[in-house]
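# A structural walkthrough
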Amino acid sequence: MKTVYQLPELPYDTNSLAPIITEETFDYHYGKHHAAYVNNLNGLTKDTPLAGIPLKEVVREGFENNNAALFNNAAQHWNHSFFWHCLSPDGGKAPTGKIKAYIERDFESFEKFKEEFSASAVKLFGAGWTWLAQDQEGKLEILPMKDAHTPLTEDKTPILTLDVWEHAYYIDYRNARPKFVESFWEIVNWDFADKNLK
């Protein structure tokens, strides 16, 4: 029997990132929004050849076949599962190791990268994600992407992301997205970003 898609366990307690992201926000963002994408995806793939195949393949299948419902739910499930690991109660320090070296190589300095990434996240119109991704040649780039879009559909490797859909921050910050983006730097999981590098 093919497995169905499941809401992944969070890598930390829902109260461990407060006050930057509160338990109430996790209850809604993870417990309701992310769970809804998983449930919708299971409904869309039930009794089809897609049921239980690797999530990245479902994302590409939906994208390449212009199946908006399939793509949006599969990509949002994948994006959120990735995003939770971009955060850590022990995060927020300056990057070290390979990720530090690559950022300094491709953005001149960490401060410049941080400034560019933050500006991209704040300015992204409507809903979406700001990604740090690595292209086929290994270069890092910042990708502001609308709605459920992801570097996976551009054959780029996701390294780090920030969710700037309103449901990611409204409970804690109301409409102050810039404040949410500023707070993100206090909980970034650089170890996870480093492991994603090719």
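Thresholds, definitions, all that
Residues numbered from 1 in each chain as written. Predicted model: local features only at pLDDT ≥ 70, side-chain atom pairs only at ≥ 80, totals over all residues. Heavy atoms only, no water. Helix = DSSP H or I, 4+ residues; strand = E, 2+ residues; numbered from the N terminus. Contact = heavy atoms within 4.5 Å. Patch = residues over 30% accessible without salt bridge, like charges linked within 9 Å, V, L, I, M, F, W, Y side chains within 5 Å. Areas by Shrake-Rupley, 256 points an atom, 1.4 Å probe, with all protein chains shown as cover. Salt bridge = Lys/Arg side-chain N within 4 Å of Asp/Glu carboxyl O. Lys, Arg positive; Asp, Glu negative; His and termini not counted. Charge placed at Lys NZ, Arg CZ, Asp CG, Glu CD. Buried < 20%, exposed > 50% of the residue type's maximum accessible area, 1.4 Å probe, protein only. Core = buried A, V, L, I, M, F, W, Y, C linked by side-chain atoms within 4.5 Å. Pairing = 2+ DSSP bridges.

## Brief notes about the side chain of N196
Mapped onto the secondary structure, N196 falls in helix α8 (residues 190-196). Every residue in contact with N196, bar those within four places of it in the chain, is listed here: F82, Q134, T157, P158 and I159.

## Quick word on a negative patch on the surface
Residues D13, E23, E24 and D27 make up a contiguous surface patch of negative charge. With respect to the helices and strands, the residue E23 is situated in helix α1 (residues 23-45).

## Structural notes on unusual backbone geometry
Both trends apply: most residues other than glycine have a negative phi, and most peptide bonds are in trans. The omega angle of the peptide bond from A18 to P19 is 5°, so this bond is cis rather than trans. Relative to the helices and strands, P19 resides in the segment before α1. Despite not being glycine, D47 has its phi angle at roughly 60°, a positive value. D47 gets classed as exposed once you look at its relative accessible area, which sits at 75%. In this model, R174 sits at a positive phi of 50°, which is unusual for a non-glycine residue. In this fold, R174 is placed in the loop between α6 (170-173) and α7 (177-184). Among the residues examined, R174 registers a relative accessible area of 47% and is labelled partly exposed.

## Examining the nonpolar core
Core analysis: the largest hydrophobic core is formed by 60 residues, its most contacted members being F113, L132, L162 and W190. By residue number, the principal contributor to this core is helix α3 (residues 68-85), which donates 8 residues. The residues contacting F113, other than those within four sequence positions of it, are I103, F107, L132, I142, W185 and W190.

## Details of the environment of A176
Residue placement: A176 occurs in the loop between α6 and α7. With 54 residues separating them in the primary sequence, A176 and V122 have C-alpha atoms 9.5 Å apart.

## Here's the deal with the environment of R60
With respect to the helices and strands, the residue R60 is situated in helix α2 (residues 55-64). In the structure, R60 is positioned 94 residues away from E154 in sequence and 9.8 Å away in space, judged by C-alpha atoms. Beyond its immediate sequence surroundings of up to four residues, R60 is in contact with L152 and D155.

## Considerations on the pairing of strand β1 (residues 128-134)
The side chains of a regular strand alternate, first on one face of the sheet and then on the other. Taking burial as the measure, the 7 residues of β1 include 7 buried ones, the bulk of the element. By the alternation rule, side chains of β1 split into G128, T130, L132 and Q134 and W129, W131 and A133, which are all buried. Bridge count between β1 and strand β2 (residues 140-146): 7 bridges; the pairing is antiparallel. Note on β2: the bridge partner recorded for L132 is I142. Here β1 folds back onto β2, and the loop between the two strands holds 5 residues, one of which, G138, carries a positive phi near 95°. Relative to strand β3 (residues 157-163), β1 runs antiparallel, the two sharing 6 bridges. Within β3, the residue paired with L132 across the bridge is L160.

Without other data, these values stay purely geometric and don't point to any function.
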